[in-house]
Amino acid sequence: MSEGTIRNLLKRDKRADRVVPPTGYTAQLTVFVSGAMAFLAVFALALSLASGRLADRWATELAGAATLRINAPSDQLAAQTEAALTVLSQTPGVASARALTSDEQLALLSPWFGPDLPLDTLPVPQLIEIIEGAPGLDVIGLRLRLGAEVPGAVLDDHTRWREPLVDAATSLRRLGWISILLIGVATAAMITLAANASLAANAQIIEVLRLVGARDRFIANAFVRRFTYRAFFGALVGVVLGMTGVLLLPEASDEGGFLTGLGFQGLGWFLPLLIPLMGAAVAFLATWTAATRKLTELS
């Protein structure tokens, strides 16, 4: 279908508009379905984009860091910590390494044990934060050297934590895009049913139009225009309501975690504006196909 044909189909024609009733259950169904599906598409899009940001952040933040845990008796803890820092300073691929202070370790444990945890009376291991640099950290080699020189050292490169988290966030992003695809298919199916019902209900009018010389293309164009405009305006209302709902969601925060980051950022706010255009395109194709098939059956 050429660009000129599409332009002619969407060009307003008062004579053709009288062919399709402006009201009725098919009109209400088309507007409602388009609005509801657009509303759901906004949240599916927000979920997909937020999951993508989360996966990228987890992959970036955890990939360049590792943690060394020193498990040793209290009288040997300082010596082993110093020995571990010496080993790390001599290891290629380690940009920096530092032992966490008591206050920092307390901050890490307080969400589980409360802020009044007495670290001095508990056998809490010493944690060392490692930041990787070029050319990259040889985890196996570092583990072997630490095992020989610092018996109480346990190296955690966050792989077992990073990969499941990134995979989960990536799966959520994929689920969001699949949801958008299913929403589009469901919209096309409902509009096709509505168009078929409208064509069947107006079968006698179509027959009279043919008798007075109206061509099938003229009749099909009338239905295509009507349902395309209905789908567009219904989707536009649904997008406005959906974006309003997204705006009312809590802002992203460290305390709330992922659940407070379900929104759009920057240019992402313009992406939902494409949903009414996509809804109109789906309605256009679905109605054109349904009208062409139905008019052939009525011939």
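This one's a predicted model, so the numbers in the text were calculated from it and none came from an experiment.

## Topic: the packing of aromatic side chains
Enumeration over the complete set of coordinates arrives at 3 aromatic pairs. The interplanar angle of 75° and the centroid separation of 5.4 Å between the aromatic rings of Phe-232 and Phe-233 together place this pair among those described as edge-to-face. The ring of Phe-227 carries Arg-230 above its face, with NZ or CZ at 5.1 Å from the centroid.

## Overview of the sheet that holds strand E4 (residues 153-156)
Spatial strand order, E2-E3-E1-E4: 4 strands in an open sheet with antiparallel pairing. Of all the strands in the sheet, just strand E2 (94-99) and E4 have a single pairing partner and so form its edges. Direction aside, the axes of adjacent strands within the sheet are offset by 20° on average. Against the sheet, helix H6 (residues 139-149) touches strand E1 (65-70) and E4, its axis set at about 170° to E4.

## Here's the deal with the layout of surface pockets
Volume-wise, the largest pocket comes out at about 490 Å³. What lines the largest pocket is a set of 19 residues, among which Thr-67, Leu-100, Leu-108, Leu-109 and Leu-127 lie closest to the centre. Elements with a minimum of two residues in the lining of the largest pocket: E1, helix H5 (102-113), strand E3 (126-132) and E4. In terms of residue count, H5 provides more of the lining of the largest pocket than any other element does, 6 residues in total. Considering only residue class, the lining of the largest pocket consists of 12 nonpolar, 3 polar and 4 charged. Roughly 360 Å³ of internal volume is contained in the second largest pocket. Taken together, 19 residues form the lining of the second largest pocket, with Ala-41, Ile-180, Ile-275, Met-278 and Gly-279 sitting closest to its centre. Elements that contribute at least two residues to the lining of the second largest pocket include exactly helix H3 (25-63), helix H7 (159-201), helix H9 (216-247) and helix H10 (274-298). Among the elements that line the lining of the second largest pocket, the one with the most residues is H7, at 6 residues. For the lining of the second largest pocket, the residue count by class is 15 nonpolar, 4 polar and no charged.

## Brief notes about the pattern of salt bridges
Under the defined criterion, the tally for this structure stands at 3 salt bridges. With its nearest N and O atoms 3.2 Å apart, the salt bridge here joins Glu-129 to Arg-98. Of this pair, Glu-129 sits in strand E3 while Arg-98 sits in strand E2, and the two are 31 residues apart along the sequence. We classify Glu-129 as partly exposed; its relative accessible area is 31%. Residue Arg-98 is classed as partly exposed on the basis of its relative accessible area, which comes to 36%. Close ionic contact of Arg-145 with Glu-149 constitutes a salt bridge, the shortest N to O distance being 3.1 Å.

## What to know about the nonpolar core
The biggest cluster of nonpolar side chains holds 20 residues, and the ones touching the most others in it are Ile-191, Ile-206, Ile-219, Phe-223 and Phe-227. Contributions of two or more residues to this core are made by H7, helix H8 (203-211), H9 and H10. Broken down by element, this core gets its largest block of residues, 7 residues, from H10. Look past the residues within four positions of Phe-227 in its chain and what remains in contact with it is Thr-26, Thr-30, Ile-191, Ala-194, Ala-195, Ser-198, Ala-283 and Thr-287. If you look at the next biggest cluster of nonpolar residues, it comprises 17 residues, including Ala-66, Leu-88, Ile-128 and Leu-137.

## A word on the environment of Asp-138
Position of Asp-138 among the secondary structure elements: in the loop between E3 and H6. Measuring from C-alpha to C-alpha, the distance between Asp-138 and Gly-93 comes to 7.3 Å, with 45 residues separating the pair along the chain. In terms of polar contacts, Asp-138 uses its side chain to reach the backbone amide nitrogen of Gly-141, at 3.3 Å.

## Structural notes on the packing of H8 against H9
For the pair H8 and H9, the least separation of the axes is 10 Å and the interaxial angle reads 140°. The orientation of H8 relative to H9 falls into the category oblique. Two packed elements cross with a definite hand, and for H8 against H9 that hand is right-handed. Residues Ile-206, Leu-209 and Arg-210 of H8 form the contact with H9, whose participating residues are Asp-216, Ile-219 and Phe-223. Partitioned by chemical class, the residues of the contact of H8 with H9 number 4 nonpolar, no polar and 2 charged.

## With respect to the packing of H9 against H10
Contact geometry for H9 and H10: axes closest at 8 Å, N-to-C directions at 150°. Our classification of the angle between H9 and H10 gives roughly antiparallel. Here H9 runs over H10; the crossing is right-handed.

## Some thoughts on a nonpolar patch on the surface
Among the surface-exposed residues, Phe-39, Leu-40, Val-237 and Leu-241 lie close enough to one another that they form a single nonpolar patch of about 360 Å² accessible area. Mapped by element, the contributors of at least two residues to the nonpolar patch are H3 and H9. Given the relative accessible area of 46%, Leu-40 is considered partly exposed.

Reading guide: rules and limits
Residues numbered from 1 in each chain as written. Predicted model: local features only at pLDDT ≥ 70, side-chain atom pairs only at ≥ 80, totals over all residues. Heavy atoms only, no water. Phe/Tyr/Trp six-rings, centres within 6.5 Å; stacked < 30°, edge-to-face > 60°. Lys NZ or Arg CZ within 6 Å of the ring centre and 35° of its normal. Pairing = 2+ DSSP bridges. Helix = DSSP H or I, 4+ residues; strand = E, 2+ residues; numbered from the N terminus. Axes fitted to C-alpha atoms, helices over the stretch in contact; angles between N-to-C directions. Contact = heavy atoms within 4.5 Å. 1 Å grid on protein atoms, 1.4 Å probe; cavity = no way out; pocket = protein on both sides within 12 Å on 5 of 7 lines; lining within 4 Å. Points joined across faces, edges and corners; volume = space filled by probe spheres on them. Nonpolar A, V, L, I, M, F, W, Y, C, P; charged D, E, K, R; others polar. Salt bridge = Lys/Arg side-chain N within 4 Å of Asp/Glu carboxyl O. Buried < 20%, exposed > 50% of the residue type's maximum accessible area, 1.4 Å probe, protein only. Core = buried A, V, L, I, M, F, W, Y, C linked by side-chain atoms within 4.5 Å. Polar contact = N/O pair within 3.5 Å; in protein donor to acceptor, adjacent residues only side chain to side chain. Parallel < 35°, antiparallel > 145°, perpendicular 65-115°, else oblique. Left-handed = near helix turned anticlockwise from the far one by under 90°. Patch = residues over 30% accessible without salt bridge, like charges linked within 9 Å, V, L, I, M, F, W, Y side chains within 5 Å. Areas by Shrake-Rupley, 256 points an atom, 1.4 Å probe, with all protein chains shown as cover.

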